[in-house]
Amino acid sequence: MAQPRKNFSNYIVDICTSQRIAMRLSQGQLAHMCGLELKQVQDFEQGLDNLSLAQLEILLNTLNIQCLLNEYSQGPDEDLRRQRESLQKKALRQLAKSDAIINGYIEQAVQLICKTTSQVLHAEFTGAWLLNEDKNYLNCIDEYVLSQDLHEPEYEYSAEEFPAWFAEFEGRRSLVHDTVTESNYATQQEFDEERKQWNIKSSIESTVIENGEIIGVITSEDIVERSWTVDEISFHNQVADLIMLTVRNSNYRKMQESFDQKNQLMQRHHNAVFTLMHDESIAEGVIQEGCDQITKVVGEQVAPEAYSVCIWLLASDDHSMKCVSAYLATQKTHDKNSARYDYTLQSYPNYIKALEKNRLICSANVYESEAYSDFADTLLMADGIVSSASVGVYVYGKLVGGVCIDYCELHQWSSEEEGLLSDISNQVSLLVLNHERKKSSHQLHMLSRAVENSSSAVFIAQQDRRINYCNNQFLKLLNKDASQILGLKVNELPFSDSSVDDAVAMLNAIAKNEAWRGELEFKREHDHALWILFSITPVVNNERGVIEYVGVCEDISNIKLAHQEMEQLAFYDPLTGLVNRRLFKERLKQHISFAKRHGTQAAILYLDLDRFKVVNDTLGHDVGDQLLVAIADRLKTSMREQDTVARLGGDEFTVLVPDIKNISDVEALARKIIAVIQKPIAVAGKKLSTTTSIGVSLYPDHEKDSIELMKMADMAMYHAKSEGRNNYQIYNERINMFSADYLDMENDLRQALVNKEFVLYYQPIIDAKTHRIHKLEALIRWQHPTKGLLSPVVFIPVAEELGLIEGIGAWVLEQACTDLVQMHKTHPEVQMAVNLTAGEFSNPELVKKVKSVLDKTGLPGRFLTLEITESMLISQLEKAINTLKGLKKMGIVIAIDDFGTGYSSLSYLKRLPLDFLKVDRSFVKDIPEDNNDMEITAAVISMAQKLHLQVVAEGVETEEQLRFLEGNSCNYYQGYLFSKPKPYAELETVFTEMLTKLDQEVL
C-alpha cells in the first residue's frame, strides 16, 4: 500500500485536482496525456506518494500549473511561500470586511480589489471586467497601475475583436502565462500592440464565476518575466470570488431597494386612488373640477418629479382631443393654457393607433418610440420631455380620452406605475360616465316631449319586438287606434305582399343587432297602399345586449307614385312597350357581370329596318308607328324569356341574348329574325313588307365593356347595310374603321396637357326669376394642333381609359376657379359649375384637393358648384355621402347632372346633401312634340320641389321649351336659346347681351 507523500503539500494536489476538473478532463484522460497509469493519477489525488519529481512536472505542465520543484523542498520556496500566504490571507480578510464589498457597491469594491491585488502580487497592472447580458462584451470596471497608484478604467473588449481570448475562458478558472511570448499563448496576436505599448512580459487571468456561469474576469500583468506560484494563482482566484460576491451583494441590495421603492410607490398609489374614490366632483360628474382634482392628486402624491400630468377628452365632433386639465407637477400648479395641447386624431395616427391597440403606452425615451413619433420632435421636444406614459380612457369600449404623465429625464416605468395609470384611467372613465348619466337624465325628459310632438311617426319595441310605445303620428299614419297597435310584434305590422322580401331583410338585420333603412309598402284599410320610408335601430346595452328597438316612419306615397310613373316613362318605350335604351344598357351591364362570374357568353344583335323612311314618307307616321308595334310584337314572340328586346329609337332595335353556347346559335337566331320580319304585315288595311340589317357583337370574344359591345354591333349593322341590306354581319377587326384614328388620339392626348392645348368654354345658366346669369358651367375643349377644336365627347372617354382624366380634371377645376375670381371684379355674384368624372369623385383625396384649389385661388366655396352623375353614387353610397358632406362643409354647392338617365332612388336622394337636379337634355329636346318627355320633365320638377331641390333644365333651345319649363316652375335654364358655350374672352359680351335683352323685355 502506498504511503502518504513526503515531498509535496496537500496544496499542490488540491490545485491539480481543481485544474483538472476545470479543464473538464477525466482521470483517465489526464493519465493518457501525461503517460501515466490511471491508478497513479487516482493515488496522487487521494494524497498518496506515488509520483516522481519528473512525473509531477509533466502533470503540472499538462495542467498549465507552473511552480518550482526540487527534491529537497516540501514545495516552492517554503519560507517565501509562507510569507506570501500570510500577506495574501491578511489582504483577503481586509477585503472581506470592506463595506463596498459587503454592500455591493461594485465600482468602489473593484477599485479596492484591483489595488490590493496589484500590491500583494507586485503586478504592475490589475484590471477587472464584467460581461454584458449577451456575454459578448467585457466592460472595464477598473484598471489599477501600481507604479503610478492610478485607477484607469479605459480598456473594453468584445468577443468579435478578441475571439481567441474569449474562447480560452470556456471551462477554465485561470490562465497563467509566465511570458506572453510563449508558444502556447493563443491570444498573443490579439494583444500584440497592447503588449508592445505597455511592455507586458507575464500575466495571470482569473474568471469571475457565479452559479457556474462566467460573469467577468480579473487580470494581473507585469512588465518582467516571472513564474506565478500556486499560492499566487489561488489568491488571484479568491479575489475573483470576491468580485463575484460583490456583484451578488449588489444584486441583493438593488432588489431590496427596488422592493422598498415599490412598497412606497404602492402606498402612494393606494392613497391617491382612495382620495379620488371619495372625491365629490368625480361622483357628481363635474368634468373640469374632477379632471383638475385627478391631475393634482397624481402630480402631488404619485409623480411629484414629473413635468406634467394631463387629461384629454374626445370633443363632440369625434375628430379631436381637448386637453381638459394639465398639472405642472414641479411647479405645483395647473397650466392655464392647457388648450395648446389640443390635437386632432388625424394629426397623431400612430399615437391613437397605439392607444387603441394596447390601451397603455410606456416609453422611457419618446424619441425612440413609434407611438410618440407623430409629435416627439415638435410638441414634446419643445417642453424638454424625454419619458412619457399614456393610457386610453374608454367608455363602453370606445376611446374617449387619455391620461398622460411626462418626465424631462429618462424614467423607467414600473409595473406598479402601469397599474396606477390604469386606475387613474378608470377614475376618468367613471367621471365621464357620471357626467353622461346626469346629462342624459335631462335629455331623456326633453326627448320624450319631442318624440310625442314629432311630425315623424315613431314607435318603440321591447326586446321581444313587441311594440310598447307609439306616438300619435304613427297611429294617424296607419289609421289605427293604440289598442290595435300596442302589443303587436314588428313583424305583425301590415306589410303588403310586394314588400315581403324587404320586410324579411329588415327583420334579419335587427336579428343581427343591425340598423335597417328602406322603403316598405303597408296595407291600410279602405285606402290606397301606403309607402313608408322605414328605419329601425336596435338600442344596445353593453351588458344586456339589445334592450329595445326604435322605429321612425315617413309617408312617401306621393313621391313613390311619382317616381314609379317617372321610372316607367324613363325605362320603357311608350310606343312599343319594349325596354328603351337606358334600361337595355343597364341589363347589358348586369348580364356581362353574370357572364364574367360564371364564364358564359352573351351576344348583342343590333337591328335597323331597311328603307323604313319610305313607309313614313309615303304612308304617314301613324302607319309607320303601327308597323313598329307589329315588328316589336314579332320580336318578343320570337325570343326566349331570358332574352331582352329593346327599341333604341326610330327604327332601331337591339336584342340581348345571354348564356349562348356557340356562335352558330347566334347566327341561327339572326337568320330567324330576318325571316320573321320580312313576312308581310297587315297594317291599316294594307300588307306591308320590310327587311332588316343586323350587326352582331359577342362577349367576351369581341369586347368586355358594354358600351364598346354596342358600338361594335352598331358598326357591324352598318356593314350589313353596305353589303346590300337584309343580312347579318358579325363584328371583326376589318369593320373597325376608326382604330388608326384612335391610336393617334391616344398619342396626342398624352401631350395635350403638357402642351397647354386644353381650353375652357363657359355656358351661362339663367335664373328663371331674374332672367340674369346665375352661374357658368365650365366645358372643356381640345384645341388640337391639326384637327382644330374638339368636343369632350371625342376625347374624354379616351382620357379616362388612359388614366389621364385626373390630371385634366384638376386643371379644369383650378382654371375655372381662377377665371371666376378674375370675373368677380365685374360680376361679383356669378357662380361656377364644374363637372366631376367618376374617377375624380371616387378619389379619397377629393375633398383635400378641392380645398387646396380654393385656398390657392382665393375663391369662397359658396361660389363653386360641383356636378356629379347618379351612377357615381350608387356603387358606394355611404362613401359618397361622406365625400359630399366634406365638400358641403366648405360651402360648395352639389348638383346631380343628367338626372333621369340612371337609376334614381328616392332613398338615396333623401339622404344625400344635394342642392340641384339637372334634367338631362334628352328629356327637353323633343318638347313639345313628345308628350312622353314632357311628362317625365314635369315629374322630375315636381319631385325635386317636394325634396326641396332646385332644378336646372339643360338643352333649352326653343321658346316653346322655355314656356313649358316656365309653366312647370323650373328654377334655372341652360341651352343655346340663351347662349352657346363661349371662351373666357367673349363672356363679357354675353353678359352685355343678356343685360340688353333683359332691358328690352322690361320696356
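What comes next is a walk through the structure. Computed from a predicted structure; not experimentally measured.

1. Side note on the pairing of strand S7 (residues 213-222)
- Among the 10 residues that make up S7, eight are buried, leaving the element largely enclosed by the rest of the structure.
- As judged from the six bridges shared by strand S1 (residues 125-131) and S7, these two strands associate in the antiparallel manner. In the strand pairing of S7, Thr-126 is matched with Ser-220.
- Judged from the nine bridges that link them, strand S6 (residues 202-210) and S7 form a sheet pairing that is antiparallel. When the sheet's bridge partners are listed, Ser-203 is paired in S7 with Glu-221.

2. Topic: unusual backbone geometry
- Cis peptide bonds are those with omega within 30 degrees of zero, and the linkage from Tyr-699 to Pro-700 qualifies with 5 degrees.
- Mapped onto the elements, Pro-700 comes out in the loop between strand S25 (692-699) and helix H24 (706-722).
- Geometrically, the link from Ile-927 to Pro-928 is a cis peptide bond, its omega value of 5 degrees lying close to zero.
- Inspection of the secondary structure assignment puts Pro-928 in the loop between helix H33 (921-924) and helix H34 (931-946).
- For Asp-318, which is not a glycine, the phi torsion comes out positive at approximately 60 degrees.

3. Description of the packing of helix H10 (residues 230-277) against helix H12 (residues 287-302)
- The interhelical angle for the contact between H10 and H12, taken along N-to-C directions, is 160 degrees, at an axis separation of 10 Å. With respect to their mutual orientation, H10 and H12 come out roughly antiparallel. Between H10 and H12 lies a crossing whose hand is right-handed. Residues Leu-265, Arg-268, His-269, Asn-271, Ala-272, Thr-275 and Leu-276 of H10 lie in contact with H12, whose contacting residues are Gln-293, Ile-294, Val-297, Gln-301 and Val-302.
- Here the residues of the contact of H10 with H12 sort into six nonpolar, five polar and one charged.

4. A few points about the pairing of strand S21 (residues 644-649)
- Counting buried positions along S21 gives five out of six residues, so the element sits mostly inside the fold.
- By the bridge criterion, five bridges tie S21 to strand S22 (residues 652-660) in an arrangement that is antiparallel. Residue Ala-646 lies in a different strand from S22, and its bridge partner there is Thr-654.
- Remark: two residues form the turn of the hairpin made by S21 and S22, two consecutive strands paired antiparallel; Gly-650 in that turn has positive phi of roughly 60 degrees.

5. Remarks on the packing of helix H27 (residues 805-823) against helix H29 (residues 846-857)
- Packing of H27 against H29 brings their axes to within 10 Å, and their N-to-C directions diverge by 35 degrees. In this structure, the crossing between H27 and H29 has a hand that is right-handed. Where H27 approaches H29, its residues Glu-806, Leu-813, Glu-814, Cys-817, Thr-818 and Val-821 are matched on the opposing element by Lys-849, Val-850, Val-853, Leu-854, Lys-856 and Thr-857.
- Looking at side-chain class alone, the contact of H27 with H29 contains six nonpolar, two polar and four charged residues.

6. A closer look at the packing of aromatic side chains
- Across all of its chains, the model carries 19 aromatic pairs by this definition.
- Measuring from centroid to centroid gives 6.4 Å for Phe-758 and Trp-811, while their planes differ by 45 degrees, and the two rings are tilted. On the criterion of sequence distance, the pair formed by Phe-758 in strand S27 (residues 758-767) and Trp-811 in helix H27 is long-range, its members being 53 residues apart.
- Here Trp-811 falls in the partly exposed class, since its relative accessible area comes to 25%.
- Counting every residue linked through ring pairs, the aromatic cluster contains Trp-312, Tyr-343, Tyr-348, Tyr-351, Tyr-372 and Phe-375.
- Over the face of the ring belonging to Phe-916 we find Lys-775, whose NZ or CZ atom lies 4.3 Å from the ring centre.
- One residue, Arg-781, lies across the ring of Tyr-761, its end atom 5.6 Å from the ring centre.

Reading the values: the criteria
- Residues numbered from 1 in each chain as written.
- Predicted model: local features only at pLDDT ≥ 70, side-chain atom pairs only at ≥ 80, totals over all residues.
- Heavy atoms only, no water.
- Buried < 20%, exposed > 50% of the residue type's maximum accessible area, 1.4 Å probe, protein only.
- Helix = DSSP H or I, 4+ residues; strand = E, 2+ residues; numbered from the N terminus.
- Pairing = 2+ DSSP bridges.
- Axes fitted to C-alpha atoms, helices over the stretch in contact; angles between N-to-C directions.
- Parallel < 35°, antiparallel > 145°, perpendicular 65-115°, else oblique.
- Left-handed = near helix turned anticlockwise from the far one by under 90°.
- Contact = heavy atoms within 4.5 Å.
- Nonpolar A, V, L, I, M, F, W, Y, C, P; charged D, E, K, R; others polar.
- Phe/Tyr/Trp six-rings, centres within 6.5 Å; stacked < 30°, edge-to-face > 60°.
- Lys NZ or Arg CZ within 6 Å of the ring centre and 35° of its normal.

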